[in-house]
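# Report on the structure
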Amino acid sequence: MPLAFDNGQVHGDERRYMAAAIEAHDLRRVFGDNEAVAGVDLAVKSGEIYGFLGPNGAGKSTMVKMLCTLLSPTSGRASVGGYDVATQAGDIRLRIGVALQDSSIDGKQSGREMLHLQGELYGLSKPDIAQRMDDVIGLVDIGAAIDDRVESYSGGMKRRLDLAMALIHKPQILFLDEPTTGLDPASRTAVWNEVRKLNSEEGMTIFLTTQYLEEADELADRVGIIAGGKLEVEGTPVALKQAIGKDLIVAEVDGDIAAASHQLRGIVGVDDLDVRKNELTVSTANGAAVIADVAVALKSSGATVRSLTLRTPTLDDVFLQVTGAHLAESHAVAADESANAEQKGATR
Ligand SMILES: Nc1ncnc2c1ncn2[C@@H]1O[C@H](COP(=O)(O)OP(=O)(O)OP(=O)(O)O)[C@@H](O)[C@H]1O
Ligand SMILES: [Mg+2]
């Protein structure tokens, strides 16, 4: 594939169309001795929804900020819309919309006033602003609250106004950094629907970060799993899950876990066993064929079976396979680390 950077033969718009919507080559960002993004390569096609999935502190926001030209890379290269983040930031900013994770909309202005101001900042004409405001207000469905002060908005409404502001200039490429973290299920579903609509009706390329595997699974054409600043694995959700190539049987049991584990390991067809507290997860090529043996083995071990489920792999199983931890456990580790760091900071 021709790269945006080394294709010296082509210029202007022609060059832009040849390039992927977003490309990164060995992109790195270091903070002190912490490599937040540690050499990421990726290419997002035009019109694609790309899900960047990873736990707290994985480097998602750092990646987004570099791609949006808000933070300089320490090394490596990236292009957005065919323009280089290091040398063509102005061209990129005109073509992208950004809803950052930590943007805090607040104050006495109404949503409508904030949208208007955003349109002016992008240099849109008055009639264009009026038209675009109608479009985006309709799209993100804020309703009559658009004329209320934003300080009165719920978290979900602020997120949706943030999204509307990112869309006012009709960007080609939209960056959403954890658009649904902290939202209730209804608001989350509303954001998902908006993202799908923007992609299918406007053909917008969307780069979305998330800590939620269901979100990546539901929305993304392709998912990249990031942990510790590194892109560990990438593919369509279906392909990633299929690559595990196993069925999973999950048993929640009370009693002698060691005895139950021993019995399960003895079953023909059990390829692997993961034991976490009172949850035993069997990997097998054919779950339907093995589940009866699992039930019998658990019974003969003397354990009380609270639930027994046969399921296909999720993106969390993919995450477990590539990083050795569940996504939720990585959250806990990252939270502990940041709590420790805060404590250290406090004693310094
Ligand atoms: N401005 C900064 N100064 C110093 N360290 C930073 C800075 N921004 C991020 N980091 C560190 O870089 C690493 C990656 O942070 P980043 O915010 O990119 O992660 P994230 O995947 O977005 O996490 P979260 O899901 O919590 O938002 C973390 O270790 C973080 O502490
Ligand atoms: Mg973040």
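Okay, so let's go over this structure. (Residues numbered from 1 in each chain as written. Chains lettered and ligands numbered in written order. Predicted model: local features only at pLDDT ≥ 70, side-chain atom pairs only at ≥ 80, totals over all residues. Heavy atoms only, no water.)

Each helix and strand counted, the chain has 13 helices and 14 strands in total. Taken over 348 residues, the chain has a buried fraction of 47%. Taking contacts inside the chain between residues at least 6 apart in sequence as the whole, the part at least 24 apart equals 68%. For the chain, the exposed area adds up to about 16500 Å²; of that, 50% sits on carbon and sulfur atoms. (Helix = DSSP H or I, 4+ residues; strand = E, 2+ residues; numbered from the N terminus. Buried < 20%, exposed > 50% of the residue type's maximum accessible area, 1.4 Å probe, protein only. Contact = heavy atoms within 4.5 Å. Areas by Shrake-Rupley, 256 points an atom, 1.4 Å probe, with all protein chains shown as cover.)

You will see that threonine 69, though not glycine, has its phi angle at about 65 degrees, which is positive. Within the secondary structure layout, threonine 69 lies in the loop between helix H2 (60–67) and strand S4 (75–80). Within the chain, glutamate 178 stands out as a residue other than glycine whose phi angle is a positive 50 degrees. Taking the relative accessible area as the measure of exposure, glutamate 178 reaches 2% and is therefore buried.

Bridge analysis of strand S1 (residues 22–31) against S4 gives five bridges, and the strand direction is antiparallel. Note that in S4 the partner of histidine 25 across the bridge is arginine 77. Between S1 and strand S2 (residues 34–44), which pair antiparallel one after the other, the connecting turn spans two residues, and glycine 32 there sits at a positive phi close to 60 degrees. (Pairing = 2+ DSSP bridges.)

Applying the stated rule across the entire model yields four aromatic pairs. Ring geometry for phenylalanine 175 and phenylalanine 207: centres 5.7 Å apart, planes at 50 degrees, overall tilted. Separated by 32 residues along the polypeptide, phenylalanine 175 in strand S7 (residues 173–177) and phenylalanine 207 in strand S8 (residues 205–210) bring together distant segments of the chain. Take phenylalanine 207: its relative accessible area is 0%, and that puts it in the buried class. Taken together, the ring pairs connect Tyr50, Phe52, Phe175 and Phe207 into an aromatic cluster. Lying across the ring of tyrosine 212, arginine 188 places its NZ or CZ 4.1 Å from the centre. (Phe/Tyr/Trp six-rings, centres within 6.5 Å; stacked < 30°, edge-to-face > 60°. Lys NZ or Arg CZ within 6 Å of the ring centre and 35° of its normal.)

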